[in-house]
Amino acid sequence: MFGLKSDWSLDVPARYFTLEDYEGGTARWCPGCGDLAVLTAVQRICREEQLPPEKVVSVSGIGCSSRFPHYMGTYGFHGLHGRALPVACGVKARRPDLTVWVATGDGDCCSIGAGHWVHATRYNMDMTVMLFDNNVYGLTKNQTSPTSPVGLKTNTHPRGAWLPPLNPLSATLGFTNASFVAQTIDWNPPHLYETLKAAHHHKGFSFVRILQRCPTYTDHVFEELQRDPSQLVVLNHDEGVSLEPSVGKMFPNHERHDPSNLDEARRQAGREDLIPIGVLFRNEACPRYDEYTAQGLDMTMDERIAGLNRELDRFAI
Amino acid sequence: MSASTTSELAPQTDPKAGGPAPLRLDQHIVEIVSDSGEGAQKAGQTFGAVSAKMGNGVWTVEIIPAEIKPPARSRAGASGIRVRLGSKPITNMGDEADLVVAFNEQVLYGRVEQGAYKPGTKILLENRWATDGLDEIREQYAKALADFRSQGFDVIELPMEEECRKLTKNPRLGKNMFVVGMLCHIYERDLDKVNDEVAFVFAKKGAKVIELNQQLLRAGAEFAKANLPFRFHIAPWENEKPMVVMNGNQALALGIMAAGIETVAMYPITPATSVSHHLGSVYPAVGGCLHQAEDEIAAIGFAIGASYAGKTAATVTSGPGLALKTEFLGLAVMAEIPLVIIDVQRGGPSTGLPTKVEQGDLLAALHGTPGDAPKIILAASTIEECYHFVILSRRLAEAFRGPVILLTDANLATGVSPFPRPPAKEEWFAPPLDQSPWSEGLKPYAWNPETGLSPRPIPGQVGGEYVLTGLAHTDESHVAYDPTSNQTGCEMRSLKLAALQKTLKPPKVHGDPEGDLLVVGWGSTLGAIEEAVDRLRAEGFRVSSVHLRFLSPLEPGLAEIFKHFKSILSVGISYNDPPDGPLMNEETRRHAALTVVLREHTRMDIDSWGHCYGQPLTPGTIYAELRQRLTR
């Protein structure tokens with residue numbers, strides 16, 4: 001940021017990035033889609049952190065929310081359905097200098113890509129993973145998703161979804177080496193922003209489930225939550241999300257929750273009385289696989305040639 | 001015919017020494033067959049390594065049972081090793097074995113059923129079973145002995161285990177080195193060299209173990225000298241070049257390192273896995289990253305992510321894994337992501353024959369991806385090529401901005417043979433990451449309309465920001481909503497193959513450039529085909545062969561070469577319908593994959609021959625088939 005320092009000198013960085021630098025193509029999401037709020041929040045975080053756009057990569061799978069990279073002005077990878085996480089892990093493996101954002105939906109992450117979700121959580125590579133959870137398949141036009149509530153009428157279950165929905169928070173908190181799990185809502189920009197910022201600052205695999213409105217197919221699912229914030233409970237902690245008092249006042253329920261407590265985090269994730277928003281769990285001490293995969297990056301060409309010659313000589317006769 | 005026949009194997013007497021003079025041979029095939037866990041493979045590897053060091057051509061191949069711990073004394077449990085020695089470089093495992101050491105008669109049956117022996121094959125058979133405590137075993141042994149002799153095998157019963165018991169309480173573990181000692185006497189190996197090799201092989205086990213094994217080795221040599229009335233002399237070949245000896249999967253691993261490929265992502269799958277075993281131990285020497293992914297799909301996805309970020313990457317798999325990787329492979333074609341995919345082929349379809357060889361993935365590699373998905377496909381035909389073709393694949397992937405599939409197979413993966421030590425060259429390594437600013441106004445797919453080639457922006461390059469997508473896209477990588485962009489994209493991606501083809505040379509014809517029959521092959525059958533062709537040519541037949549390294553695009557000039565032969569035959573380890581049969585005619589007969597490709601390419605009448613018994617094609621079976629066709 002431009003700014004006057006305490007010695008009255010003016011700090012002028014060589015490059016300063018504005019929101020425009022993070023803007024890509026015009027978003028083609030439906031009017032009222034929650035994805036737009038997430039896009040804005042991420043662009044604002046990039047500007048706030050002054051991340052060079054060429055050092056930011058957003059990776060996605062397939063689905064409405066997976067169009068996300070196209071609307072960023074950074075590098076992006078819009079890949080295959082369910083496969084955002086392996087690609088994102090590959091991007092990060094040998095490029096610790098890149099900031100990685102992953103956009104994935106409830107079908108993408110929790111259904112077709114569920115295997116990768118388990119393992120990418122365990123790898124705990126440094127990236128922010130945003131689960132855009134609208135409880136439905138939108139792009140393919142209204143099919144049941146793993147997180148659809150019981151009774152949701154869709155084109156594949158016109159008499160209503162039969163099975164209880166999968167709980168992505170409980171699931172992630174059950175995976176070994178999970179290091180950051182949070183939940184937020186698309187319709188409160190300050191909470192969304194603060195939660196994603198906390199996720200971005202966490203060194204490791206930051207998993208954020210975003211309750212995201214789909215005005216076309218599941219508008220009614222979150223309507224009541226939006227109208228009646230007393231169904232939500234804001235989790236507060238110095239290590240979690242801190243809200244401006246004016247924002248905090250919008251939510252009647254607040255609880256102090258220590259995100260270092262895994263058992264308590266699991267209880268919050270599974271509670272049925274209220275929907276928790278904020279940071280449920282955070283552990284900076286979890287081993288990070290990107291520290292393993294980056295080994296050897298500092299080797300010189302001479303060292304590598306010598307290493308290869310040494311190995312070839314072991315086969316000499 | 002092969003150099004060693006039954007009559008040649010008869011012992012000769014050296015009047016001066018009063019003992020047998022060694023019989024001079026061009027080549028010989030030795031097998032050691034045992035229950036699994038009896039050390040036959042280590043014995044064969046030791047013998048093969050010493051033979052290579054003494055200047056012989058060598059091809060070693062393991063005999064692997066399908067199970068990890070098959071029951072003892074079972075036919076399906078035959079485990080062991082074949083070592084083919086020659087006074088010239090050896091390119092394949094050859095035909096029937098000439099000399100076999102077997103630790104029991106039942107495993108021997110397993111090999112007899114596979115046609116591994118011929119009348120006259122000398123079999124040195126452990127005889128402790130003749131006096132076994134169980135009636136059933138003694139009977140089995142006696143029955144087998146009579147059976148083997150009636151089939152014309154020259155069975156010599158030996159008390160190998162009893163001899164070993166003089167030196168060790170556990171002869172079952174020690175007799176493999178006793179066998180090496182016997183073989184060293186029979187083939188006049190330098191015992192000092194063998195002693196060094198044994199010290200090397202057992203280096204980790206300590207001085208005591210080394211000493212015991214060296215004692216067993218000497219005992220074996222002395223026992224053979226006193227009891228066996230034959231020796232063989234296989235002259236070394238003149239070679240000044242420094243050599244290395246390894247199997248095809250080790251060559252792939254070293255090739256990956258020599259290509260400067262930084263990241264290999266894989267999922268365990270036979271017979272490709274040992275590439276990762278080797279990388280796991282040596283990749284840190286060049287700073288490489290081996291990622292064992294959660295599945296085959298994640299493995300290629302990880303490699304693609306690394307490649308997108310400007311780091312060279314490869315994935316290593318076999319048929320079932322290639323099937324799972326198909327969707328990502330399509331993405332790599334569509335979005336033009338450089339990537340090396342190594343497919344160590346095994347028998348298929350489905351789980352098929354995991355440990356056995358087949359050249360069955362050609363059409364899957366070529367056409368397995370939905371949509372029009374042109375990609376470069378190469379096949380290594382020797383262990384040495386396994387090393388060099390990884391480097392070539394990496395360079396092609398980058399120059400032509402897309403995936404390259406490198407096909408090898410289980411035959412190359414497990415075969416061990418010496419080849420000239422390849423250099424480690426800086427120019428073979430991938431260039432360093434380009435982080436210079438991207439040229440202003442240059443599009444992410446600035447296709448050259450004549451070649452389809454385009455430069456690629458890498459994250460970190462200022463001004464190159466673009467969004468890679470698997471959707472049909474414009475040259476700006478924008479999702480295409482217009483009718484022409486998809487057509488243009490397809491055309492540009494396809495043009496790249498034509499551009500590559502223009503840089504290739506016609507393949508060399510092995511033999512005369514015209515004749516009655518031309519054999520066309522690809523992959524690991526090279527040595528066996530050329531050996532068969534050479535035998536026939538020595539008999540005066542007008543037969544030649546051509547071996548393809550590029551399967552997509554095909555090397556130029558094939559139709560021109562084919563024109564000069566009366567008939568063309570594709571030969572490979574893959575299925576084709578037998579030409580005769582009540583339902584068979586030109587409309588119903590399904591041809592081998594290579595024939596399908598060549599017919600489409602040359603529009604010529606090409607026939608197929610091959611099988612999928614899970615075994616490499618031997619020179620003898622190819623010879624017999626070709627001879628029959630040439631004398632028809």
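The rules behind these values
Residues numbered from 1 in each chain as written. Chains lettered and ligands numbered in written order. Predicted model: local features only at pLDDT ≥ 70, side-chain atom pairs only at ≥ 80, totals over all residues. Heavy atoms only, no water. Helix = DSSP H or I, 4+ residues; strand = E, 2+ residues; numbered from the N terminus. Rg over C-alpha atoms; globule rule 2.2 N^0.38 Å. Buried < 20%, exposed > 50% of the residue type's maximum accessible area, 1.4 Å probe, protein only. Areas by Shrake-Rupley, 256 points an atom, 1.4 Å probe, with all protein chains shown as cover. Lys, Arg positive; Asp, Glu negative; His and termini not counted. Charge placed at Lys NZ, Arg CZ, Asp CG, Glu CD. Polar contact = N/O pair within 3.5 Å; in protein donor to acceptor, adjacent residues only side chain to side chain. Contact = heavy atoms within 4.5 Å. Pairing = 2+ DSSP bridges. Axes fitted to C-alpha atoms, helices over the stretch in contact; angles between N-to-C directions. Parallel < 35°, antiparallel > 145°, perpendicular 65-115°, else oblique. Left-handed = near helix turned anticlockwise from the far one by under 90°. Nonpolar A, V, L, I, M, F, W, Y, C, P; charged D, E, K, R; others polar. UniProt positions renumbered as here; feature names shortened; annotations may be inferred. Expected span 1.5 Å × (residues − 1). Right-handed = clockwise from strand over helix to strand, strands pointing away.

### Description of the overall build of chain B
Next, step 1: A tally of regular secondary structure across chain B gives 20 helices and 23 strands.
Next, step 2: The C-alpha radius of gyration of chain B comes to 27 Å, within 12% of the 26 Å expected for a compact globule of 632 residues.
Next, step 3: The principal-axis extent of the C-alpha atoms belonging to chain B is close to 85 × 60 × 50 Å.
Next, step 4: For chain B, the proportion of its 632 residues judged to be buried stands at 59%.
Next, step 5: Counting every atom, chain B has about 25000 Å² of accessible surface; 53% of that belongs to carbon and sulfur.
Next, step 6: Where the 61 positive side-chain charges of chain B centre and where its 74 negative ones centre are 4 Å apart.

### Structural notes on the side chain of B:Glu126
Residues and elements named next belong to chain B.
Next, step 1: Summarising the element assignment, Glu 126 is placed in strand S6 (residues 122-126).
Next, step 2: Looking at Glu 126, its side chain comes within polar contact range of the main-chain nitrogen of Arg 128, at 3.1 Å.
Next, step 3: Only 3.4 Å separates the side chain of Glu 126 from the backbone nitrogen of Met 160, close enough to count as a polar contact.
Next, step 4: When near neighbours in sequence (up to four residues on either side) are disregarded, Glu 126 contacts Ala 102, Phe 103, Tyr 141, Leu 158, Pro 159, Met 160, Glu 161 and Lys 175.

### Description of the sheet that holds strand S19 (residues 515-522) of chain B
Residue and element names in this part refer to chain B.
Next, step 1: With mixed pairing, the 5 strands of this open sheet are ordered in space as S18-S20-S19-S22-S23. Looking at which strands have only one partner, the edges of the open sheet turn out to be strand S18 (509-510) and strand S23 (606-610).
Next, step 2: Across 6 bridges, S19 lies against strand S20 (residues 543-548) in parallel orientation. Its bridge partner lying in S20, Trp 522 is registered against Leu 548.
Next, step 3: Along the sheet face, helix H17 (residues 526-538) touches S18, S19, S20 and strand S22 (565-572) and points at about 165° away from the line of S20.
Next, step 4: Each of S19, S20, S22 and S23 is contacted by helix H20 (residues 619-630), which is oriented at about 145° to S23, the strand it contacts most.

### Brief notes about the packing of helix H2 (residues 84-93) of chain A against helix H10 (residues 296-308) of chain B
Next, step 1: Direction vectors running N to C along H2(A) and H10(B) enclose 45°, while the axes themselves pass 6 Å from each other. By the criterion of interaxial angle, the relationship of H2(A) to H10(B) is oblique. Read as a crossing pair, H2(A) and H10(B) show a hand that is right-handed. Between H2(A) and H10(B), the contacting residues are A:Pro86, A:Val87, A:Cys89, A:Gly90, A:Val91 and A:Ala93 on the first element and B:Ala298, B:Gly301, B:Phe302, B:Gly305, B:Ala306 and B:Tyr308 on the second.
Next, step 2: For the contact of H2(A) with H10(B), the residue count by class is 9 nonpolar, 3 polar and no charged.

### Side note on the UniProt feature "domain: Thiamine pyrophosphate enzyme TPP-binding" (unreviewed entry) in chain A
Next, step 1: Annotation from UniProt places "domain: Thiamine pyrophosphate enzyme TPP-binding" (unreviewed entry) at residues 62-209 of chain A.
Next, step 2: Secondary structure content for residues 62-209 of chain A is 32% helix and 22% strand, while the C-alpha to C-alpha distance between its ends is 17 Å.

### Brief notes about H17(B)
All names here are of chain B.
Next, step 1: If you check H17, its first and last C-alpha atoms are 18 Å apart, about what 13 residues at 1.5 Å a residue would give, namely 18 Å.
Next, step 2: Of the positions making up H17, those classed as buried are Leu 526, Gly 527, Ala 528, Ile 529, Glu 531, Ala 532, Val 533, Arg 535 and Leu 536.
Next, step 3: Check the buried side of H17 and you find it contacts strand S4 (79-86), S18, S19, S20, S22 and H20.
Next, step 4: Among the residues trailing H17, Gly 540 stands out with phi positive, at a value near 100°.

### Points about the pairing of strand S15 (residues 403-409) of chain B
All names here are of chain B.
Next, step 1: Within S15, 7 of the 7 residues are buried, leaving the element largely enclosed by the surrounding structure.
Next, step 2: Judged by which residues are buried, S15 turns out to be covered on both faces: Pro 403, Ile 405, Leu 407 and Asp 409 on one side and Val 404, Leu 406 and Thr 408 on the other are all buried.
Next, step 3: Bridge analysis of strand S13 (residues 339-345) against S15 gives 7 bridges, and the strand direction is parallel. Bridge assignment links Val 340 to a residue of S15, and that residue is Val 404.
Next, step 4: As judged from the 4 bridges shared by strand S14 (residues 376-379) and S15, these two strands associate in the parallel manner. Paired with Ile 376 across the two strands is Val 404, which belongs to S15.
Next, step 5: Taken together, S14, helix H14 (residues 383-399) and S15 form a β-α-β motif whose crossover is right-handed.

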